[in-house]
Amino acid sequence: MQEQIQQLLAEATGRDASDFADTTEDLFADGLLDSMATVQLLLALQDEFDIQVPVSEFDRSEWSTIDKIVDRVKELENE
Amino acid sequence: MSWLESLPNYTAYGTPSYFIYLLIAILPMGISLYFGKRLVWYEAIISFLFLFFMFDGSSAPQMLSLIGYVIYQTILVMWYFHYRQQKNTAGVFYLLTFLSLLPIIIVKFTPAMVGHNSLLGFLGISYLTFRAVGTIIETRDGAVKDINWWKFIRFLLFMPTITSGPIDRYRRFSKDYRKVPSREKYLEMVNKAVKYLFIGFLYKFVLAYLFGQVWLPAVEHQALMYAPHLSWWVVAVAYVYAGDLYFDFAGYSLFAVAISYLMGVETPMNFNKPFVAKNIKEFWNRWHMTLSFWFRDYIFMRFVFLASKKHWFKNRNVLSSVAYMINMLVMGFWHGVTWYYILYGFLHGSALVINDWWLRYKRKHLHIKTNAFTKGVAMFITFNFVVFSFLIFCGFLNTLWFVKH
C-alpha cells in the first residue's frame, strides 16, 4: 500500500515518486503537498481504495506523513 | 431602550481596567479547572455579563441585532442537523448555507447600495457567520455527529473570541468544552496564557499605539499635503500601516487565545511570524491563520473537490488558478464592497497564481539550490508585496484620490 500511495502522491503533485521516499517526512511543512494536491490525493484515494474522505474529516495533522496516510487509509477501509 | 444606552460600555480588551475585571471574573473558573472541574453555569453567566457590557451603552442598538442573529443561526443549524440525520440533498444544503450567509451578505452590501450601514449589523457578525456556516458544512459532511442548541450558542458566543476571532471550529471547541484538561496540561496553558498576555500588551498597547496612533496620523497628514498626487510619504503610510495592522491584530488575537486558555479552551492561534514567509502561499499559512484556513477548507478545497469530480477543467493548473482567484476575491468582498478591498483580493489571488507558476517553473527548468541568500531575497519580495497590498487594503489611496480635502 505504501508504494501505491507514494505513486498517487507523485501523480497528485506532479513530482517524481523519488520525492516521496521518506515516509516520515512532514509533507505539508516541506511544501510537497498543498491544498490543491491534497484534494487530488483524496480523490485518488477514494477511487483506488473505495473509501470516503470528506474534506471536513481531513485534519492535516492526521495526514501529514506517508506513514500516517497509510494508517488512515487502513482505518477507513475497515470502517 | 434608553436605560440600556445609559449604561457603561466595555469594548473587549480595550483598556487595562478591562483586563483587571476580566481576570478577576475568570479567576474562580481557573481555580476550579485546577481542581478538575468546569464551572459551567458560572462561566455562562460571566460570559453573558461581559457580552452584555460589550453591546450596551453606545452599542445598544447592536444588541437586538445580535440576539436576533443568534436565534436565527441556531434555528438554521439545529434544523439542518435534524434534517441531515434523515436526508442529504444538495439543494437543501445550498439553501441552508445561503440562508446562513444572508445576514452578512445584506450587511456587507448595504453600505455600497444605500450609503449607510445596515441595521442588522453588529460587531463580530463576520466571525459568528464563519462559525455558523462552518458548522453547517461539517454537518453536511456527516462530520458533526452530535449538537445541541445550548452548546452551539456557547460556541457561537464564546466570549474571549466573539468580536474578531480567532475562528474556532464547532467540533474542536465542543471537544475542549466537554472535558477538563489535566492539571499538568492546564498549568501549561496558564503558563502560555501569561506569556501571551504580556506579548499582547507589548503589541497592542505599545507597538500598535506607536504605529497606529502616533506615526500613522503623522505620515498620512504629510502624504495628504500632496493629494491627489503620490509622494514618498505614501510609501511611509504603507509600512507604518502594516506595522499597525499586524501589532494591533496579533496583539488582540494573543489576548483572545490567552483568555481562552485560562478558561480551559485551546482556541487556535492566529499569527505565526507572518513576515518571515518566503512566498505568498506561506504568508497565508502564517497570517490571520484561522481566517485563511477557513477559506482554504470551506471554499478553496471544496471548489477544487467539486470541479475535479465533475471534470470542469481539463488542465489542473487552470483549475487551481481559478480556485485561488475565487478564494481571494470572496475574501476581498467579505472585507467589504469597496474597490480597494476587491482589488486587494484580486492582487492576492494573482500573487498565488504567479507564485504557483514560479514554483513549477523553478522545479522544472532551473536548478537553484536554496541558501540563506535566496531565502532572504524571497522574504524581502514577499514582505514588500504584502505591505503594498496592505496600502491598497487600508483605503488610504481612496482618501488620497477621491475624497475632497
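What counts and how
Residues numbered from 1 in each chain as written. Chains lettered and ligands numbered in written order. Predicted model: local features only at pLDDT ≥ 70, side-chain atom pairs only at ≥ 80, totals over all residues. Heavy atoms only, no water. Helix = DSSP H or I, 4+ residues; strand = E, 2+ residues; numbered from the N terminus. Buried < 20%, exposed > 50% of the residue type's maximum accessible area, 1.4 Å probe, protein only. Areas by Shrake-Rupley, 256 points an atom, 1.4 Å probe, with all protein chains shown as cover. Lys, Arg positive; Asp, Glu negative; His and termini not counted. Charge placed at Lys NZ, Arg CZ, Asp CG, Glu CD. 1 Å grid on protein atoms, 1.4 Å probe; cavity = no way out; pocket = protein on both sides within 12 Å on 5 of 7 lines; lining within 4 Å. Points joined across faces, edges and corners; volume = space filled by probe spheres on them. Nonpolar A, V, L, I, M, F, W, Y, C, P; charged D, E, K, R; others polar. Axes fitted to C-alpha atoms, helices over the stretch in contact; angles between N-to-C directions. Parallel < 35°, antiparallel > 145°, perpendicular 65-115°, else oblique. Contact = heavy atoms within 4.5 Å. UniProt positions renumbered as here; feature names shortened; annotations may be inferred. Phe/Tyr/Trp six-rings, centres within 6.5 Å; stacked < 30°, edge-to-face > 60°. Lys NZ or Arg CZ within 6 Å of the ring centre and 35° of its normal.

Trainee: Please set out the overall build of chain B residue by residue, giving values where relevant.
Mentor: Summing up its helical and strand segments, chain B has 16 helices and zero strands in all. Expressed along its principal axes, the backbone C-alpha trace of chain B runs to roughly 60 × 55 × 50 Å. Considering chain B as a whole, with its 405 residues, one finds that 50% of them fall into the buried category. As displayed, chain B offers around 19900 Å² of accessible surface, 69% of which is attributable to carbon and sulfur atoms. Each charge class in chain B can be summarised by its mean position, and for the 38 positive and 17 negative side chains these summaries are 10 Å apart.

Trainee: Please provide a residue-by-residue account of empty space enclosed by the protein, values included.
Mentor: Enumeration over the complete set of coordinates arrives at one cavity of 30 Å³ or more. Its volume calculated, the largest cavity comes out at about 50 Å³. Residue composition of the lining of the largest cavity, grouped by class: five nonpolar, two polar and four charged.

Trainee: Explain the packing of helix 10 (residues 232–262) of chain B against helix 15 (residues 372–393) of chain B residue by residue, including any values.
Mentor: Residue and element names in this part refer to chain B. For the pair helix 10 and helix 15, interaxial distance at closest approach is 8 Å and the crossing angle is 95°. The pairing of helix 10 with helix 15 is recorded here as roughly perpendicular in orientation. Two secondary-structure elements touch here, helix 10 through Val234, Val237, Ala238, Tyr239, Tyr241, Ala242 and Leu245 and helix 15 through Phe383, Asn384, Val387, Phe390, Leu391 and Phe393. Of the residues contributing to the contact of helix 10 with helix 15, the split by class is 12 nonpolar, one polar and no charged.

Trainee: Pulling in residues and values, what's your account of the UniProt feature "modified residue: O-(pantetheine 4'-phosphoryl)serine" (unreviewed entry) in chain A?
Mentor: What UniProt calls "modified residue: O-(pantetheine 4'-phosphoryl)serine" (unreviewed entry) maps, in this numbering, to A:Ser35. Mapping A:Ser35 onto the fold places it in helix 2 (residues 35–49). Dropping the residues within four chain positions of it, A:Ser35 is found in contact with A:Arg60, B:Arg296, B:Phe300 and B:Met301.

Trainee: Can you explain the UniProt feature "domain: Carrier" (unreviewed entry) in chain A? Please cite residues and give values.
Mentor: Under the feature "domain: Carrier" (unreviewed entry), the UniProt entry names residues 1–77 of chain A. The straight-line gap between the two end C-alpha atoms of residues 1–77 of chain A is 12 Å; of that span, 51% is helix and 0% is strand.

Trainee: Would you mind going over the layout of surface pockets in detail, with residue names and values included?
Mentor: Approximately 1400 Å³ is the volume attributed to the second largest pocket. Lining the second largest pocket we find 43 residues, and of these B:Phe93, B:Tyr94, B:Ile137, B:Tyr298 and B:Arg302 sit closest to its centre. Elements with a minimum of two residues in the lining of the second largest pocket: helix 3 (66–78) of chain A together with helix 5 (90–114), helix 6 (125–140), helix 12 (289–309) and helix 13 (316–335) of chain B. Looking at the lining of the second largest pocket, its residues break down into 26 nonpolar, six polar and 11 charged.

Trainee: A description of the packing of aromatic side chains should follow, citing residues and the corresponding values.
Mentor: Residues and elements named next belong to chain B. Taken as a whole and assessed by the stated rule, the structure comprises 72 aromatic pairs over all chains. Each ring, one from Phe130 and one from Phe295, has its centre 6.0 Å from the other, and the planes form 65°; the classification is edge-to-face. A residue pair is termed long-range when its members are at least 10 positions apart, and Phe130 in helix 6 and Phe295 in helix 12 qualify at 165 residues. Directly above the aromatic system of Tyr34 lies the positively charged group of Arg183, at a separation of 4.0 Å from the ring centroid. The positively charged end of Arg296 is found above the aromatic ring belonging to Phe293, 4.4 Å away from the centroid.

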